Amino acid sequence: MSIFEYNGSAVVAMVGKNCFAIASDRRLGVQLQTIATDFQRVFKIHDKLYIGLSGLATDAQTLHQRLVFRHKLYQLREERDMKPQTFASLVSALLYEKRFGPYFCQPVIAGLGDDNEPFICTMDCLGAKELAKDFVVSGTSSESLYGACESMYKPNMEPEELFETISQALNSSVDRDCLAGWGGYVLIVTPTEVKEHVIKGRMD
Amino acid sequence: MTGSMDLPAKGGFSFELCRRNDMLEKKGLKLPGFRKTGTTIVGLVFQDGVVLGADTRATEGPIVADKNCEKIHFMAPNIYCCGAGTAADTEAVTDMVSSQLQLHRYATGRESRVVTALTLLKSHLFRYQGHVSAALVLGGVDCTGPHLHTVYPHGSTDTLPFATMGSGSLAAMSVFESKYKEGLTREEGIQLVAEAICAGIFNDLGSGSNVDVCVITKGKTEYLRNHQLPNPRTYVSSKGYSFTKGQTEVLSTKITQLKQTAEVAEGGDAMEE
């Protein structure tokens, strides 16, 4: 079994019209046994920047703590929030530093830039950035997610439609993955508000 | 263990997690595959300078992770570098050498030379004995003329009039070996590079999508991103999926209003004492 399949995870982010959505599953398992069904994989960095971490859960939590630490230092020095592109470079550098003994995490970063332009990107566990204009996926369900997003995604969706699309893509993909699922957590961010939804999924 | 968390690291690699990862491997958990750019990258020298070309597919095992990634990296205004191998390594090594060249330009006050970039790359890669898996095609034009080099992951280099690297290198080299001649014009050079990359795209499974080309001449560099798109997506469903509002079952919702940033009006009256 691969180290990435130890805990099981699914994270996806999509770009809409002046908004973005980031979603994850909620299962925490130890190989084939489920330990928790309310595990948090999407973390807030600041009001308009979120990071989803798939892969080994302990590395996801450690990496999240280190990134929050670095961002708080940045806020103290610069007296402002980090731009999403800058944050992506920070995550990439942090992961590449551990090139020969990596964190087993694949981050998905989603944020709104200064002009409220949505930004999404993903990286492999060494920090190779992949910027996308439509959607990014990560986790054990990534292959199903690629297929589902490729068919269901449309450009310039409004927040309500984006929510439906990303939830359907997530649910249909994790239903084909034994290691991810047990509900979903979807976050839609627009320039004025943040909506968090817990969605119902198959509990098997 | 507060020491490791206190300060941001000073740069370079950190081997903190190696012992833990070794232990996990011994317990039977396989290490993950990294994103590679199973690639076709090429370069050739023509009469006025250098043309570089690359495909745009990034793979993660057998799956295409990125259909339109950038493999031609900026090193200096007159030097560009194509990268094949582990994606994180090519990006990190070209970024690092690009910064070192910038500092060198500030220190010397002169345009960077291609051999400078070459030496910086080969010494870094040799130090890590091939573990930094980056195979590069480096090309540029400086005061001594046009140069084209290939750099292998272990640190060896070659200086050539035309070069190919990556999994599609044999397909591309076959095109070069049959059609290359000295003193090509700019149009002929771009045409030949595009043909070589297409050979890689259509015959090698690790390469695909579009053709990126970069033309470097004395005093001018043109980066033709997506110069050719031979693989358009033709199966788009006309209606697409449309989900009605309320189709997804929601268990709970939480809405947070974001604070709007306030504009400070300039030129207001100063407060009275």
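In this text the structure is predicted, and so the values were computed from the model without any measurement. (Residues numbered from 1 in each chain as written. Chains lettered and ligands numbered in written order. Predicted model: local features only at pLDDT ≥ 70, side-chain atom pairs only at ≥ 80, totals over all residues. Heavy atoms only, no water.)

Asks: An account of the interface of chain A and chain B is needed here, citing residue identities and associated values.
Replies: At the junction of the two partners, chain A supplies 58 residues and chain B supplies 59 residues. Area buried by chain A at its contact with chain B is led by Y96, E97 and F100 of chain A, which between them contribute 13% of it. Linking chain A with chain B are 7 salt bridges, by the criterion used here. A salt bridge links D89 of chain B to R99 of chain A; the nearest nitrogen and oxygen atoms lie 2.5 Å apart. (Contact = heavy atoms within 4.5 Å. Buried area = accessible area lost by both parts, 1.4 Å probe. Salt bridge = Lys/Arg side-chain N within 4 Å of Asp/Glu carboxyl O.)

Asks: Which residues make up the UniProt feature "active site" (unreviewed entry) in chain B, and what are the values?
Replies: All names here are of chain B. Per the UniProt record, "active site" (unreviewed entry) is found at T39. Among the structural elements, T39 can be located in the loop between β1 (36-37) and β2 (41-46). Leave out the neighbours within four places in its chain, and T39 touches D55, K71, G83, A84, M165, G166, S167, G168, D204, G206 and S207. (UniProt positions renumbered as here; feature names shortened; annotations may be inferred. Helix = DSSP H or I, 4+ residues; strand = E, 2+ residues; numbered from the N terminus.)

Asks: Let's hear about the packing of aromatic side chains: which residues, and what values?
Replies: The full count for this structure, using the stated rule, is 12 aromatic pairs over all chains. Ring centres of Y241 of chain B and F243 of chain B lie 6.0 Å apart, and the angle between their planes is 20°; on these two criteria the pair is classed as stacked. Here a set of aromatic residues connected by ring pairs shows up, and it is made of Y96 and F100 of chain A together with F13, F15 and Y128 of chain B. (Phe/Tyr/Trp six-rings, centres within 6.5 Å; stacked < 30°, edge-to-face > 60°.)

Asks: Tell me what's going on with the sheet that holds strand β6 (residues 49-55) of chain A, and back it up with residues and numbers.
Replies: Strand pairing in a sheet is mediated by backbone hydrogen bonds. Such pairs are either parallel or antiparallel. All names here are of chain A. The antiparallel open sheet is built from 5 strands, whose spatial order is β5-β6-β7-β8-β9. Edge strands, defined here as strands with exactly one partner in the open sheet, are β5 (42-46) and β9 (129-132). Strand-to-strand twist of the sheet, defined as the mean angle between neighbouring strand axes without regard to direction, takes the value 20°. (Pairing = 2+ DSSP bridges. Axes fitted to C-alpha atoms, helices over the stretch in contact; angles between N-to-C directions.)

Asks: Report on helix α2 (residues 18-26) of chain B, specifying residues and quantitative values.
Replies: In an α-helix there are 3.6 residues to a turn, and that puts residues three or four apart on one side. Residue and element names in this part refer to chain B. Every buried residue of α2 is accounted for by C18, N21 and L24. Here the buried residues of α2 occupy an arc of 125° about the axis, which is enough to place them on one side. Of the exposed residues in α2, those oriented more than 90 degrees away from the buried face are R19 and K26. G28 sits one or two positions beyond α2 and adopts a positive phi of about 105°. (Buried < 20%, exposed > 50% of the residue type's maximum accessible area, 1.4 Å probe, protein only. Arc of directions from axis to C-beta.)

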